[in-house]
Every structure is written in structure tokens, then in C-alpha cells.
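Observations on the three-dimensional arrangement
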Amino acid sequence: MHILHQACHSLYEAHERGLLHRDIKPSNIFLCHYGMDPDFVKVLDFGLAKARSGATAATQEVRLTAERRVTGTPTFMAPETVLGGQDADARLDLYALGCIGYWLLSGRLVFERVSPEATMRAHLNEPPTPIAELRPDVPASLAEPIMACLAKEPAARPATAEELDHLLRASGLAALWTTDRAESWWEEWECGEGRPVAPRHPAW
């Protein structure tokens, strides 16, 4: 919850400045200390970002080249991106953030297929398994906004990162992750030379 909340803030700022990230995925969500603040989230790698205003269909299109290479990451790719993305807006990043939330809550990717093409087809055509079926212990107030982000039609998703943040905050779960708990987590997962060491409680 704490991670998703801050990611919403970063995406809101980018979208307000007219930028679509287009490659939101776990490896681009960086968790760190920032001054005295633990668990500070940075959204990294805007290398695929495009301006919304004035962008042509050619610049926004996600291309499958002759080598079958794709711009973006199929595992976290919105249906409209698979289709070409000419009319894509900020909700494509919210779809990808929903994929991350789904993974964080369930421990599973939204779609796990044998190839990038099969994964993209699944995002385009197949309904995801509800989080409630995979993790009945996850409160509906948290699972439902994440599932809403995974709607095939952009209009059925939260309209903005700000709206998504409000929906997530309504669960009341954000307040459970206190500074003391965050500091304890960082002590548990002490890092050395850039690599996390084994935790004292592997069951985490």
C-alpha cells in the first residue's frame, strides 16, 4: 500500500507534465532511504516516456519489429498499448501499476504465458483471475481498486493517478505502515555492497 501510494504521486506529477512513462514495472520502482524518510519510492527509467500533447501516432505506437522486439514490457502492458497506442493516455500507466499491485498482493503475475506475444494477447483478450480468488485474506477495499486498473477498456479504470490514490487510501491500510515499522524492515533487510542479505526471518 505504501509503495503504491508513492508511485501514484510520481505518476501524477509526470502525467500533469504531459508525460506517459509507458514502461512501469517492478524493476523501475526503486525503494530507498531519502534523507530521514525510509521507504521512499522513486519511479525510474523514463527512457520510453512520450509527451501526450503533440505526439504523433508514430511516436506513441508500440512496434513489433521484424525481430519481434517490442517497446515496453509485455508482462505489464495495457491492451491499448498492444493495439498500437495511438489514443493512449495516462491510464496505460495505471494499468501497469495495477499489474504491479496484483503481483504484490497475490505473488503472481496477471498473465504468465510462454512467449511475449502470448502474454500480450492475454492482456488484450483474457480476464485476470480476481485477487479475491488467489488471496481471500486481502481486503476488498484494496483488491478492488487494483482490479479496476486491469479493466480492458481505459474508461473503466481510475481516470488519474490521483483518483487511484484516493481509492487506495479509502482502504485505511496506509496508516498501518508506520515509520517505526519501516525502519525495522530496513534493519531486517540490511544491504551490503548493493545486495540485500538474508533476512533473520525467512518466512517473510
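This structure is a prediction, so every number in the text was calculated from the model and none was measured.

What counts and how
Residues numbered from 1 in each chain as written. Predicted model: local features only at pLDDT ≥ 70, side-chain atom pairs only at ≥ 80, totals over all residues. Heavy atoms only, no water. Buried < 20%, exposed > 50% of the residue type's maximum accessible area, 1.4 Å probe, protein only. Helix = DSSP H or I, 4+ residues; strand = E, 2+ residues; numbered from the N terminus. Contact = heavy atoms within 4.5 Å. Axes fitted to C-alpha atoms, helices over the stretch in contact; angles between N-to-C directions. Parallel < 35°, antiparallel > 145°, perpendicular 65-115°, else oblique. Left-handed = near helix turned anticlockwise from the far one by under 90°. Salt bridge = Lys/Arg side-chain N within 4 Å of Asp/Glu carboxyl O. Nonpolar A, V, L, I, M, F, W, Y, C, P; charged D, E, K, R; others polar.

What follows deals with helix 5 (residues 116–125). Since the α-helix packs 3.6 residues into each turn, any two residues three or four apart lie on the same face. Taken together, the buried positions of helix 5 are Glu117, Ala118, Thr119, Met120, Ala122 and His123. In this structure, the buried residues of helix 5 make contact with helix 3 (79–82) and helix 4 (91–106).

The next thing to look at is the packing of helix 1 (residues 2–16) against helix 8 (residues 161–169). Interhelical geometry of helix 1 versus helix 8 gives an angle of 165° and a closest axis separation of 8 Å. Taken together, the axis directions place helix 1 and helix 8 in an arrangement best described as roughly antiparallel. For the element pair helix 1 and helix 8, the recorded crossing hand is left-handed. Packed against helix 1, whose contacting residues are Leu4, His5, Cys8, His9, Leu11 and Tyr12, the element helix 8 presents Ala161, Glu162, Leu164, Asp165, Leu168 and Arg169 at the interface.

Once that is clear, we can look at the pattern of salt bridges. Inspection of every chain in the model, using the stated rule, returns 7 salt bridges. Of the charged contacts in the structure, one is a salt bridge between Glu13 and Arg17, with a shortest N-O distance of 3.4 Å. Taking relative accessible area as the criterion, Glu13 reaches 44% and is therefore assigned partly exposed. Classification of Arg17 by relative accessible area gives exposed; the value is 63%. The closest approach of N and O atoms between Asp23 and Lys25, which form a salt bridge, is 3.5 Å. As far as burial versus exposure is concerned, Asp23 and Lys25 are alike and both buried.

Quick look at the packing of helix 4 against helix 7 (residues 140–149) now. Running from amino to carboxyl end, helix 4 crosses helix 7 at an angle of 140°, the nearest separation of the two axes being 7 Å. Taken together, the axes of helix 4 and helix 7 lie oblique to each other. With respect to the hand of their crossing, helix 4 and helix 7 are arranged in left-handed fashion. In this structure, helix 4 uses Leu94, Tyr95, Gly98, Gly101, Tyr102 and Leu105 to contact helix 7, whose residues at the interface are Leu142, Ile146, Met147 and Cys149. Taken together, the residues of the contact of helix 4 with helix 7 sort by class into 8 nonpolar, 2 polar and no charged.

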